[in-house]
4 protein chains.
Amino acid sequence: MDITLQQAEQAIEASKKKARELGLSMNIAVVDAGAHLKAFARNDGAWLGSIDIAIKKARTARYFDMNTGEIGKLSQPGGSLYNIEHSNDGLISFPGGIPIKNGDEEVIGAIGVSGSTVENDHEVAQAGVEVLL
Amino acid sequence: MDITLQQAEQAIEASKKKARELGLSMNIAVVDAGAHLKAFARNDGAWLGSIDIAIKKARTARYFDMNTGEIGKLSQPGGSLYNIEHSNDGLISFPGGIPIKNGDEEVIGAIGVSGSTVENDHEVAQAGVEVLL
Amino acid sequence: MDITLQQAEQAIEASKKKARELGLSMNIAVVDAGAHLKAFARNDGAWLGSIDIAIKKARTARYFDMNTGEIGKLSQPGGSLYNIEHSNDGLISFPGGIPIKNGDEEVIGAIGVSGSTVENDHEVAQAGVEVLL
Amino acid sequence: MDITLQQAEQAIEASKKKARELGLSMNIAVVDAGAHLKAFARNDGAWLGSIDIAIKKARTARYFDMNTGEIGKLSQPGGSLYNIEHSNDGLISFPGGIPIKNGDEEVIGAIGVSGSTVENDHEVAQAGVEVLL
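Please read all numbers here as calculations on a predicted model, not as lab measurements.

Participant: Would you mind showing me how to read unusual backbone geometry here?
Facilitator: One can expect most non-glycine residues to show negative phi and most peptide bonds to be in trans. Even without a glycine there, the phi angle at Asp65(C) is positive, about 50 degrees. Here Asp65(C) is to be found in the loop between helix 2 (50-64) and helix 3 (68-74). In this structure Asp65(C) comes out as partly exposed when scored by relative accessible area, which is 32%. A positive phi angle is found at Asn83(D), which is not glycine, with a value near 65 degrees.

Okay, structure coming up:
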């Protein structure tokens, strides 16, 4: 099962709405089941450096089917996945990337958000995921 | 002047509508005045290899403020810009990328479309540009 | 608003003057509002490895509209942005990159300096920023 | 012998003057004897895609100590250096890059110009070279 463009746009709209409520300017990326870019939107004034980070968060979340922040717990010095960020042309391992599942708990893609604190990034990404549950 | 997200989304909607009329599955990318990704959408079933091409077409059109196909006329063997495609981490010099102007003829961004013949790619990109004129 | 070449050259001259006062050989890069290189100068004898670092510092400062050293505080092991340097083809997150603002507090570009200690790099960059205030 | 920053800036000033006379907006790069960036200036409104091309022209001219256009004659289909542009992270083999020599005919660096036709690019680069003869 793969995310449709309609679903990806629903997720982005939900994330944009949450960003608006929080007064934030965000980069929002959705990738499909193959970790390839499906849809993307950048709020006016959002950080330029967050384009790549949002896309890498979405990819990272699908690459390992887990929240990006979980990987970051394991990639610290001394951790079991130390410096895993060097793989795949660069992973992002802090919060803001979340797998997207369908009603059958299948991963059909992932969302990545960047533009504020990692807590805000995660919350805005979560809004995109939840609208598809 | 820089394209807004609202304008970028209008352009993508107009291109999606044109693609639907033509029965095509497309990758559609919009970049801002700095050639950075602003919005993106990929129709279900569109070629995976066209994600990067659509984005590179949009960038190329903004890099030189001209339709991508114009560059391709000059980059052929024996042409004055032969192999210019090796610059800028890869240019795409066949049709499908078009600068986006505002009412004052300022370039505010560019659109790139990939997923069919270059004639269709160009026509779908053109629809996105015209809606903002 | 985007930095002009005249402004970029003023900033570089001011940074060169400060470097001369401190007896340092520096690489000095200025990028525009789109994070693209606008002007660059390398003092005779300055480190070759600092060319890329100066440019990446300037880009990083514009990518996130903050001093590069601020990002480095958050990207340490255990920090909320750990290993963010893997994004955007490589960020530099230690001091020496500073956003350039105009009189209306708009970011119009950024400067990056590399060639000495990070304290000296920052001081020389600061001289370039201040001349445009 | 290596080009000094003062010489590089003289070359850029001479090229800027020539560009102004011709009414052109140019990207102008100077590299040293080691083919590393020494100085750079981008006129307001010059093509963004020409930043990389100007730098690559300067590097290419120093890599082989000849005008970039000479290499392009040999890199055509069937030519002896066919597709040499794939080396060195991308060469530019059309006119606009010229080695810089000192009075003893030693190559001390190179200049690369991009932003107009290759004839104009070459003429503006030539002005930069001649001021140092």
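Participant: Looking at this structure, how should I read the interface of chain D and chain B?
Facilitator: Size of an interface: often given as the accessible area lost when the parts come together. Facing the 20 residues of chain D at the interface are 17 residues of chain B. Between chain D and chain B, roughly 1400 Å² of surface is buried when both sides are summed, and carbon and sulfur atoms account for 63% of that area. Taken as a group, Trp47(D), Leu48(D) and Phe94(D) account for 35% of the area that chain D buries against chain B, more than any other trio of residues on that side. The tally of links from chain D across to chain B stands at 10 residue pairs in polar contact (both at pLDDT 80 or more). In terms of residue count, the dominant contributor to the side of chain D that touches chain B is helix 2 (residues 50-64) of chain D (four residues). Per-class residue counts for the side of chain D that touches chain B are nine nonpolar, eight polar and three charged.

Participant: Even after reading the chapter, I still don't get the sheet that holds strand 2 (residues 37-42) of chain A, so can you show me in this structure?
Facilitator: Strand pairing in a sheet is mediated by backbone hydrogen bonds. Such pairs are either parallel or antiparallel. Strand order in the open sheet made by the eight strands is 3(A)-4(A)-1(A)-2(A)-2(B)-1(B)-4(B)-3(B), with antiparallel pairing throughout. A single partner strand is all that each edge strand has here, and the edge strands are strand 3 (97-101) of chain A together with strand 3 (97-101) of chain B. Neighbour-to-neighbour, the strand axes of the sheet open up by a mean angle of 20 degrees, direction not taken into account. Inspection of the sheet shows strand 2 of chain A paired to strand 2 (residues 37-42) of chain B by three bridges, in the antiparallel sense. By the bridge assignment, Ala39(A) is partnered in strand 2 of chain B with Ala41(B). Strands strand 3 and strand 4 (107-114) of chain A of the sheet are contacted by helix 4 (residues 118-130) of chain A, whose axis makes an angle of about 145 degrees with strand 4 of chain A.

Participant: I keep staring at the relation of the copies chain B and chain A and nothing clicks. Help me out?
Facilitator: These two copies of the chain differ by a rotation about an axis and a displacement along the same axis. You can overlay chain B on chain A at an RMSD of 0.1 Å; the transform is a turn of 179 degrees with a shift of 0.1 Å along its axis. Here the transformation between the copies is reduced to the relation of a two-fold axis. No C-alpha of chain B lies nearer the rotation axis than that of Phe40(B), which sits 2.4 Å from it. Both copies contact each other with a shared surface, as 100% of the interface residues of chain B are interface residues in chain A too.

Participant: Could you clarify how one ought to interpret the environment of Asp65(D) in this entry?
Facilitator: Residue and element names in this part refer to chain D. With 63 residues separating them in the primary sequence, Asp65 and Gly128 have C-alpha atoms 16 Å apart. Residues in contact with Asp65, not counting those within four places in the same chain, are Pro99 and Val107. A polar contact of 2.7 Å, which involves the side chain of Asp65, links it to the side chain of Arg62.

Participant: How do you make sense of a nonpolar patch on the surface when you look at a structure like this?
Facilitator: On the surface, a cluster of nonpolar side chains totalling about 240 Å² of accessible area is made up of Tyr63(A), Phe64(A) and Met66(A). For Tyr63(A), the position within the fold is in helix 2 (residues 50-64).

Participant: Would you mind showing me how to read the sheet that holds strand 4 (residues 107-114) of chain C here?
Facilitator: Reading across the sheet, the eight strands line up as 3(C)-4(C)-1(C)-2(C)-2(D)-1(D)-4(D)-3(D) and stay open at both edges, with antiparallel pairing between neighbours. Where the open sheet ends on each side, the last strands, each with one partner, are strand 3 (97-101) of chain C together with strand 3 (97-101) of chain D. Strand after strand, the sheet turns through a mean of 20 degrees between neighbouring axes, direction not considered. Summarising the sheet, strand 3 of chain C and strand 4 of chain C pair through five bridges and their orientation is antiparallel. The partner of Ile98(C) across the bridge, within strand 4 of chain C, is Ile111(C).

Participant: What exactly am I supposed to notice about the pattern of salt bridges here?
Facilitator: For side chains bearing opposite charge, pairing can occur when the charged atoms are close. Applying the stated rule across the entire model yields 48 salt bridges over all chains. Close ionic contact of Glu21(B) with Lys17(B) constitutes a salt bridge, the shortest N to O distance being 3.4 Å. With Glu21(B) and Lys17(B) both in helix 1 (residues 5-22) and four residues apart, this pair spans about one turn of that helix. Salt-bridge contacts for Glu9(C) lead to Lys16(D); the nearest nitrogen and oxygen are separated by 2.7 Å. Of the two residues, Glu9(C) sits in helix 1 (residues 5-22) while Lys16(D) sits in helix 1 (residues 5-22), which places them in two different chains.

About the cut-offs
- Residues numbered from 1 in each chain as written.
- Chains lettered and ligands numbered in written order.
- Predicted model: local features only at pLDDT ≥ 70, side-chain atom pairs only at ≥ 80, totals over all residues.
- Heavy atoms only, no water.
- Helix = DSSP H or I, 4+ residues; strand = E, 2+ residues; numbered from the N terminus.
- Buried < 20%, exposed > 50% of the residue type's maximum accessible area, 1.4 Å probe, protein only.
- Contact = heavy atoms within 4.5 Å.
- Buried area = accessible area lost by both parts, 1.4 Å probe.
- Polar contact = N/O pair within 3.5 Å; in protein donor to acceptor, adjacent residues only side chain to side chain.
- Nonpolar A, V, L, I, M, F, W, Y, C, P; charged D, E, K, R; others polar.
- Pairing = 2+ DSSP bridges.
- Axes fitted to C-alpha atoms, helices over the stretch in contact; angles between N-to-C directions.
- Least-squares fit on C-alpha atoms with pLDDT ≥ 70 in both.
- Patch = residues over 30% accessible without salt bridge, like charges linked within 9 Å, V, L, I, M, F, W, Y side chains within 5 Å.
- Areas by Shrake-Rupley, 256 points an atom, 1.4 Å probe, with all protein chains shown as cover.
- Salt bridge = Lys/Arg side-chain N within 4 Å of Asp/Glu carboxyl O.

Honestly, that's just the spatial picture; any functional story needs more than this.
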